[in-house]
Amino acid sequence: MTSSIVSWIWSERFWLPENVSWADLEHPPPGVEYPRAGQVMYAVPLAFGVLLLRLVFERLIAKPCAQILHLQAEVTRPPQSNAVLEKVYASRTSPDEKLLDGLSKQLDWDVRKIQRWFRLRRNQDKPSILKKFCESMWRFTFYLGIFTYAIRYLWVSPWMWNTKECWYNYPFQPLSPGQYNYYVAELAFYWSLMLSQFTDIKRKDFNIMLVHHFATISLITFSYANNMLRAGTLVMCVHDAADIFLEAAKLANYAKCQRLCDTLFIVFSIVFFITRLVIYPFWIVHSVLIESWEIIGPYQSWWLLNGLLLVLQVLHVIWFYLIARIAIKALFKGKVAKDDRSDIESSSEEEADANCRNSKDSKDPGVNGRYK
């Protein structure tokens, strides 16, 4: 039974072009290695290693940097202990008027007192600037490091300059150490994001980012399994470029450098547009859709992989619409007048980095997506 399921999942008719079998890829010529699907499983335990590395980084590097910038964890006033309200809060953090009236009668409390209790309780759960700074600094460091590694590796790769090289002699293309290291590092990182999303700062775009992480992990895994590594490295590199500036803008905001924050966010908007709305669809997706069709022809998993690429492109369009609204305000008003960034990549609920401002009447809301 188990062998039948495994055979169905890894069906050669689905994953590979016509007249190609897994056996062909398992026995490469001497001195040549092809990717094997089982190798991507190493990324799962590595994801826990990435989570551990993040904890060490935040404690030993990010937190001291925050302290140099005089960023401290805020001390919030706890609400009065009340088991009934705690039970309600677990399901509804902002009760409506009808529920407030019912709680008022049940507890013999004034409605204003109950509203104040819920406000204090929400403030207690609100992540501190210190926590958000450490999280952003970790992401900034990873994106900068992995993007630098990718550029150094891709700069001397022929498919960086001629995307048709991604499909010549496919799928019999050798696996290089640079490709393997890049793939495993990216996959482990996105698995760690998928896991930490349930414990990190609560985000308004939780569902969108969940779809984003799932699509990204699926794309990385599938492209490795059927040796689409050349196109895959281009996709990952293009996605990492803009995230560097997003996290840098958030760090500037936490450090109360408003002008730097606005400048970095505008740079992020420009880089996002160029990489994800120009290079990604007209260079990479065009190659996977058109050039691969012309050189190797479509097969079953080809449709799945292209579908996932197009899902990411739809998310890019949604995110850029929200990003552009903020960037235009920053350009013409000198600061972001309203928070929309809580709905874009790496955004979080009630997160101050979305504002890049200190106006007294501002809302304190908060990609990753992170955006992604």
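Residues numbered from 1 in each chain as written. Predicted model: local features only at pLDDT ≥ 70, side-chain atom pairs only at ≥ 80, totals over all residues. Heavy atoms only, no water.

Participant: Sorry if this is basic, but what is going on with the overall build of the chain here?
Facilitator: Along its length, the chain carries 14 helices and 0 strands. From first element to last, N terminus to C terminus, the chain shows the α and β order α-α-α-α-α-α-α-α-α-α-α-α-α-α. The 372 residues of the chain split such that 51% are buried. When the accessible surface of the chain is split by element, carbon and sulfur atoms take 63% of a total near 18700 Å². (Helix = DSSP H or I, 4+ residues; strand = E, 2+ residues; numbered from the N terminus. Buried < 20%, exposed > 50% of the residue type's maximum accessible area, 1.4 Å probe, protein only. Areas by Shrake-Rupley, 256 points an atom, 1.4 Å probe, with all protein chains shown as cover.)

Participant: What is the right way to read the packing of helix H10 (residues 177–196) against helix H12 (residues 229–254) from this model?
Facilitator: A pair of packed helices can be characterised by two numbers: the angle between their axes and the separation between those axes. Contact geometry for H10 and H12: axes closest at 11 Å, N-to-C directions at 50°. Relative to H12, the element H10 is oriented oblique. Crossing of H10 over H12 shows left-handed handedness. Contacts between H10 and H12 involve Gln179, Tyr182, Tyr183, Glu186 and Tyr190 from the first element and Leu229, Arg230, Gly232, Thr233, Met236, Cys237 and Asp240 from the second. When the residues that make up the contact of H10 with H12 are grouped by side-chain class, the tally is 6 nonpolar, 3 polar and 3 charged. (Axes fitted to C-alpha atoms, helices over the stretch in contact; angles between N-to-C directions. Parallel < 35°, antiparallel > 145°, perpendicular 65-115°, else oblique. Left-handed = near helix turned anticlockwise from the far one by under 90°. Contact = heavy atoms within 4.5 Å. Nonpolar A, V, L, I, M, F, W, Y, C, P; charged D, E, K, R; others polar.)

Participant: For this particular structure, what's the right way to read the confidence of the model for the chain?
Facilitator: Parts of the prediction with low pLDDT should not have their coordinates interpreted in detail. Looking at the chain as a whole, its pLDDT mean stands at 83, while 85% of the residues score no less than 70. Confidence drops under pLDDT 50 across residues 336–372; counting only partners more than four residues distant or on other chains, this segment forms 158 contacts. (pLDDT = per-residue confidence, 0-100.)

Participant: What should I look at first to understand the packing of helix H8 (residues 129–154) against H12 in this one?
Facilitator: Running from N to C, H8 and H12 point in directions that differ by 145°, and their axes come no closer than 8 Å. As for how H8 packs across H12, the hand of that crossing is left-handed. For the contact of H8 with H12, the class distribution of residues is 19 nonpolar, 2 polar and 6 charged.

Participant: In this structure, what is going on with the nonpolar core? I would like to understand it.
Facilitator: The biggest cluster of nonpolar side chains holds 79 residues, and the ones touching the most others in it are Phe189 and Phe265. Elements supplying a minimum of two residues to this core: helix H4 (43–68), H8, helix H9 (158–161), H10, helix H11 (206–225), H12, helix H13 (258–295) and helix H14 (300–333). Element by element, the count of residues in this core is highest for H12, at 16 residues. Not counting the four nearest positions on each side in its chain, phenylalanine 189 is found in contact with Val50, Trp138, Phe142 and Tyr143. Judged by nonpolar contacts, the second largest core, of 9 residues, contains Leu100, Leu103, Trp109 and Trp117. (Core = buried A, V, L, I, M, F, W, Y, C linked by side-chain atoms within 4.5 Å.)

Participant: Would you take a moment to explain the packing of aromatic side chains for this structure?
Facilitator: Two descriptors summarise a pair of aromatic rings, namely the distance from one centre to the other and the angle between the planes of the rings. Inspection of the entire model under this criterion finds 24 aromatic pairs. A centroid spacing of 6.4 Å and a plane angle of 80° characterise the contact between tyrosine 89 and tryptophan 117, whose relative ring orientation is edge-to-face. Of this pair, tyrosine 89 sits in helix H5 (residues 83–91) while tryptophan 117 sits in helix H7 (residues 111–125), placing them 28 residues apart in sequence. A relative accessible area of 8% means that tyrosine 89 is categorised as buried. Take tryptophan 117: its relative accessible area is 3%, and that puts it in the buried class. Between phenylalanine 265 and phenylalanine 268, the ring centres sit 5.5 Å apart and the planes meet at 45°, which makes this aromatic pair tilted. Of this pair, phenylalanine 265 and phenylalanine 268 are both found in helix H13, 3 residues apart, which corresponds to roughly one turn of the helix. A single burial state applies to phenylalanine 265 and to phenylalanine 268, both of which are buried. (Phe/Tyr/Trp six-rings, centres within 6.5 Å; stacked < 30°, edge-to-face > 60°.)

Participant: Which parts of the structure should I look at to understand the state of the cysteines?
Facilitator: For the structure shown, the criterion picks out 0 disulfides. The cysteine cysteine 134 is free of any disulfide, with cysteine 65 supplying the nearest cysteine sulfur at 8.8 Å. (Disulfide = S-S within 2.5 Å.)

Participant: In this structure, what is going on with H5? I would like to understand it.
Facilitator: An α-helical segment advances 3.6 residues per turn. Residues three or four places apart therefore align on the same side. For H5, the complete set of buried residues consists of Leu85, Val88 and Tyr89. Here the buried residues of H5 occupy an arc of 105° about the axis, which is enough to place them on one side. Looking at H5, the residues exposed on the side facing more than 90 degrees away from the buried face are Ala83, Lys87, Ala90 and Ser91. For H5, the elements touching its buried residues are helix H6 (97–107) and H7. Measuring from the backbone nitrogen of valine 84 back to the side-chain oxygen at the start of H5 gives 3.1 Å, which picks out asparagine 82 as the cap. (Arc of directions from axis to C-beta. Polar contact = N/O pair within 3.5 Å; in protein donor to acceptor, adjacent residues only side chain to side chain.)

Participant: I keep staring at a nonpolar patch on the surface and nothing clicks. Help me out?
Facilitator: Residues Leu52, Leu55, Val56, Leu60 and Ile61 make up a contiguous nonpolar surface patch of about 490 Å² in total accessible area. Within the fold, isoleucine 61 resides in helix H4. (Patch = residues over 30% accessible without salt bridge, like charges linked within 9 Å, V, L, I, M, F, W, Y side chains within 5 Å. Salt bridge = Lys/Arg side-chain N within 4 Å of Asp/Glu carboxyl O.)

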